[in-house]
Amino acid sequence: LVSEPLARLGAKVTGLDAAAETLEAARLHAEESGLEIRYRHGSAEDLAGEGRRFDAVLALEIVEHVADVEAFLGAAASLVKPGGALVLSTLNRTPKSFLMAVVGAEYVLRWLPRGTHDWRRFLKPSEVTRMLRDGGLDVQDAAGLAYNPVADTWRLAPHDLDVNYLLFAVRQ
């Protein structure tokens, strides 16, 4: 979802996914759109094992789905070049996130299939920050994402990390 807009802005993009079907659909769509995106089937751990490094690493809405969060975040952090950045988005483990992201998004609004999220796998910003710090990154900023159901819009909410949140971290 983010690879194509980044490529349109001129970024050299490597898209990574563990699901081969998803990648094939993304490849076809990028090709039809005339975009050059390198899609790879695999994991962050695979790329880290190859010694790959990037100016920017985006881990958006994936952390709550990986089997080994510490290994994933360690690998993602190791992919960031010195002076580079990592942008991460995930769901906080709060009662509000259970109501909004699980009950609301899956059962009431049906934006996602039921069972997409396991609230017990959500991570608090402090937990993610610690793991990124252990990987050599410094979290510089955090903001929440807030949904307005009346206007059907999303906005950055710098002081409300209760449901969805973003972290921005750099490698010095």
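Cut-offs used in this document
Residues numbered from 1 in each chain as written. Predicted model: local features only at pLDDT ≥ 70, side-chain atom pairs only at ≥ 80, totals over all residues. Heavy atoms only, no water. Pairing = 2+ DSSP bridges. Helix = DSSP H or I, 4+ residues; strand = E, 2+ residues; numbered from the N terminus. Right-handed = clockwise from strand over helix to strand, strands pointing away. Axes fitted to C-alpha atoms, helices over the stretch in contact; angles between N-to-C directions. Contact = heavy atoms within 4.5 Å. 1 Å grid on protein atoms, 1.4 Å probe; cavity = no way out; pocket = protein on both sides within 12 Å on 5 of 7 lines; lining within 4 Å. Points joined across faces, edges and corners; volume = space filled by probe spheres on them. Nonpolar A, V, L, I, M, F, W, Y, C, P; charged D, E, K, R; others polar.

S.K.: I'm lost on the pairing of strand E3 (residues 54-60) in this one. Help?
M.R.: Regular strands place side chains that alternate from one sheet face to the opposite one. Pairing between E3 and strand E4 (residues 80-91): six bridges, direction parallel. For Val57, the partnering residue across the bridge sits in E4 and is Leu86. Following the backbone out of E3, through helix H4 (residues 69-78) and into the adjacent parallel E4, one traces a crossover that is right-handed.

S.K.: Can you walk me through the sheet that holds strand E5 (residues 138-148) in this structure?
M.R.: Strand pairing in a sheet relies on backbone hydrogen bonds, with the paired strands running either antiparallel or parallel. Strands sit in the order E3-E4-E7-E5-E6 across an open sheet of five strands; the sheet is mixed. Looking at which strands have only one partner, the edges of the open sheet turn out to be E3 and strand E6 (153-157). Taking each pair of neighbouring strands and ignoring which way they run, the sheet shows an average axis angle of 20 degrees. Direction of pairing for E5 relative to strand E7 (residues 164-170): antiparallel, over a ladder of seven bridges. Bridging across to E7, Ala142 finds its partner in Leu167. Along the sheet, helix H6 (residues 125-134) contacts E4, E5 and E7; its crossing angle with E7, the most-contacted strand, is approximately 20 degrees.

S.K.: Teacher, can you tell me more about the layout of surface pockets here?
M.R.: Take a probe with the size of a water molecule and roll it over the atoms, and the empty space left behind shows itself. Considering only enclosed or pocket space, the largest pocket measures out at about 1,600 Å³ in volume. Ser3, Gly15, Leu16, Leu58 and Leu60 are, among the 46 residues lining the largest pocket, the residues nearest its centre. Those elements giving two or more residues to the lining of the largest pocket turn out to be helix H1 (3-8), strand E1 (13-17), helix H2 (20-32), strand E2 (37-41), helix H3 (44-49), E3, H4 and E4. Per element, the largest residue contribution to the lining of the largest pocket is seven residues, and it comes from E3. Of the residues belonging to the lining of the largest pocket, the class tally is 27 nonpolar, nine polar and ten charged. Taken as a whole, the second largest pocket encloses approximately 530 Å³ of empty space. If you trace the second largest pocket, you find 22 residues lining it, with Ala101, Trp111, Trp154, Val163 and Asn164 closest to the centre.

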